[in-house]
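Each chain is listed here by its residues.
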Amino acid sequence: MSQLSPIIPYHRVNTLTGTRTARTLEDPKDIVRQIKKAKRPLFVLGPIATKVSLGDKLLIEYCIDIAKAGNIPICATATTKAKLLEYGVKPDSVYDTVEIINALKDPEWKGVKGEGNHDLVIFLGIRSDLANQGLSTLKHFAPHLSTLTLCKYYHPHADYSLPNIFKDEKWKAILDGVIENLKSEQQ
């Protein structure tokens, strides 16, 4: 992962990444390949997922579909638990963002299912400044895991990130592609 990315983050918060910046992934097949390589992935959902619509669906519906298709446990942060319950989904854990970041830093942590710490953490819907700080913390203090963001803006501190996406149709197509590819991998 030692590459210098030519992408400038949309939100210019703590962009000093050192020599290691996120590898951009745009192809849903590449994103699914990273998810499938993980033994114990975790999907951390932030409150923005409950407020943003893509087409006729809320972003949290895409998150639920991705988690179900990939059999990925969900960690609800902030107010996302209530929205998940409205959709009939009980999150595997509920933490605030700082708590889950601190737990993930500990390689001895047993994870949300008590099976061991996670090796890939997927983030979506967390406020960009908080996400950048959390991802920076994990990059420097949690070498035992990888991070992937599916937000529409580039997160330089993640291991893998979408590039800045300015058209929601393109973001929707990527998320739909991830869901379809995860479903086809299960069959």
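Above: the structure in question.
For every chain, the first residue of the written sequence is number 1, and numbering continues from 1 onward in sequence order. Where totals are concerned, whole chains, interfaces and linings use all residues; where local detail is concerned, this predicted model gives features only for residues with pLDDT of at least 70, and gives and counts side-chain atom pairs only at 80 or more. Each side-chain value is worked out from all heavy atoms of the structure, with water and hydrogens disregarded.

Peer 1: Now, about the layout of surface pockets: what can you tell me, with residues and values included?
Peer 2: In this analysis the probe radius is 1.4 Å and the grid spacing 1 Å, with only protein atoms considered; a cavity is a set of points the probe fits into but cannot get out of, a pocket is an open set with protein on both sides within 12 Å along at least five of seven lines, and lining residues have an atom within 4 Å of a point. Grid points are joined across faces, edges and corners, and a volume is the space filled by probe spheres set on the points. Empty space within the largest pocket amounts to approximately 190 Å³. Contributing to the lining of the largest pocket are 14 residues, with Ile48, Ile126, Cys151, Lys152 and Tyr153 lying nearest its centre. Under the scheme applied, nonpolar residues are Ala, Val, Leu, Ile, Met, Phe, Trp, Tyr, Cys and Pro; charged residues are Asp, Glu, Lys and Arg; polar residues are all the others, including Gly. Here the lining of the largest pocket is built from residues that sort into eight nonpolar, four polar and two charged.

Peer 1: So what's going on with the pairing of strand β2 (residues 41-45)? Residues and values would help.
Peer 2: For each residue, the accessible area found with a 1.4 Å probe, counting protein chains only, is set against the maximum for its type, and the residue is called buried under 20%, exposed over 50%, and partly exposed in between. For helices the rule is a DSSP run of H or I covering at least 4 residues; for strands it is a run of E covering at least 2, with both sets numbered from the N terminus onward. The buried fraction of β2 amounts to five of the five residues, a majority that puts the element mostly inside the structure. Residues of β2 alternate between two faces, with Pro41, Phe43 and Leu45 on one and Leu42 and Val44 on the opposite face, all of them buried. A pair of strands is labelled paired if DSSP reports no fewer than 2 bridges between them. As judged from the five bridges shared by β2 and strand β7 (residues 120-124), these two strands associate in the parallel manner. Within the sheet, the bridge partner assigned to Leu45 lies in β7 and is Leu124. Note that β2 and strand β5 (residues 74-76) share three bridges and pair parallel. In the strand pairing of β5, Phe43 is matched with Ile74.

Peer 1: Tell me what's going on with helix α1 (residues 28-37), and back it up with residues and numbers.
Peer 2: Every buried residue belonging to α1 is among Pro28, Ile31, Val32, Gln34 and Ile35, and all of these are buried. When α1 is viewed along its axis, its buried side chains cluster within an angular range of 155° and face the same direction. Along α1, exposed side chains directed more than 90 degrees from the buried face belong to Lys29 and Lys37. It only takes one pair of heavy atoms within 4.5 Å for two residues to be counted as in contact. Buried positions along α1 lie against β1 (23-24), β7, β8 (146-149), β9 (160-161) and α6 (168-186). The reported arc concerns the directions from the helix axis to the C-beta atoms and nothing else.

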